[in-house]
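# Structural overview
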Amino acid sequence: MNLLHFNTLDAPAAASVLRPCLDVDRWIDSIVGKRPFASIDNLVAHAGLAASPLSAEEIASALAHHPRIGERAEGGSAEATLSRAEQSTLALGEGIKESLSAGNRAYEQRFDRVFLIRAAGRSSEEILAELDRRLLNDDEEETREVGQQLREIALLRLDALFEPVSAH
């Protein structure tokens with residue numbers, strides 16, 4: 001998407017562009033209300049501030065759109081498409097799949113929510129190590145980490161939405 005076009009969209013249309021990045025109304029409203037942005041960097045910087053921190057309720061709501069790590073997101077929604085692309089580089093051999101599956105089950109039993117991590121730029125082994133490490137977190141620390149991961153995912157998705165402005 002072109003930033004100049006985004007800046008001129010009506011509020012509902014602009015919100016629909018942002019929602020696949022992070023489905024948190026407060027975050028979306030903050031970005032939509034701050035327009036126009038002079039640059040993509042300004043937009044991403046504001047989005048980062050608006051997502052810091054996310055409340056426990058916002059985290060729970062946003063997690064509803066994220067599949068388990070290592071599992072293919074189903075459906076044709078923008079969120080599912082983004083998730084599939086983000087996890088596409090993971091090497092998921094049988095041993096890794098089994099370890100992720102067991103880790104996901106342990107995490108869900110421990111924290112009563114899906115394990116979330118920014119997969120982009122991480123190896124399967126790194127994700128497994130983070131899963132093991134985070135299982136030792138207390139509830140408060142883990143909620144902060146999940147919020148940070150949601151923020152990182154949102155900013156990567158947001159940045160990828162916009163075409164760089166070309167110099168003429």
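Described in the following lines is the structure provided in the data block. (Residues numbered from 1 in each chain as written. Predicted model: local features only at pLDDT ≥ 70, side-chain atom pairs only at ≥ 80, totals over all residues. Heavy atoms only, no water.)

## Brief notes about the overall build of the chain
Worth spelling out the cut-off: Every helix listed is a DSSP run of H or I at least four residues long, and every strand listed is a run of E at least two residues long, numbered separately from the N terminus. Relative accessibility under 20% of the residue-type maximum defines a buried residue, over 50% an exposed one, and the middle range a partly exposed one, all with a 1.4 Å probe and only protein chains included. Accessible surface area values rest on a Shrake-Rupley calculation with a 1.4 Å probe, where residue burial reflects the displayed protein chains alone.
Along the chain, the regular secondary structure elements total 9 helices and 0 strands. Starting at the N terminus, the α and β elements of the chain follow one another as α-α-α-α-α-α-α-α-α. Buried residues in the chain amount to 43% of all 168 residues. Split by element, the accessible area of the chain, about 8900 Å² in all, is 54% carbon and sulfur.

## Topic: the environment of Leu 22
Just so we agree on the cut-off: By definition, residues are in contact when any of their heavy atoms lie within 4.5 Å.
In this fold, Leu 22 is placed in the loop between helix H2 (11-18) and helix H3 (25-34). In this structure Leu 22 comes out as buried when scored by relative accessible area, which is 3%. Through-space distance from the C-alpha of Leu 22 to that of Arg 157 is 8.7 Å; in sequence the pair is 135 residues apart. Ignoring any residue separated from it by four or fewer positions in sequence, one finds Leu 22 in contact with Trp 27, Ile 28, Ala 51, Leu 54, Ala 62, Leu 150 and Ala 154.

## Some points on the side chain of Asp 23
The line we're drawing: N or O atoms within 3.5 Å of each other form a polar contact, as long as, within protein, one can give a hydrogen and the other can take it, and as long as residues adjacent in sequence are counted only when both atoms are side-chain atoms.
Tracing the backbone through its elements, the reader meets Asp 23 in the loop between H2 and H3. A relative accessible area of 18% means that Asp 23 is categorised as buried. At 2.5 Å, the side chain of Asp 23 and the side chain of Arg 19 are in polar contact. When residues no more than four places from it in sequence are discounted, the contact partners of Asp 23 are Ser 61, Ala 62 and His 65.

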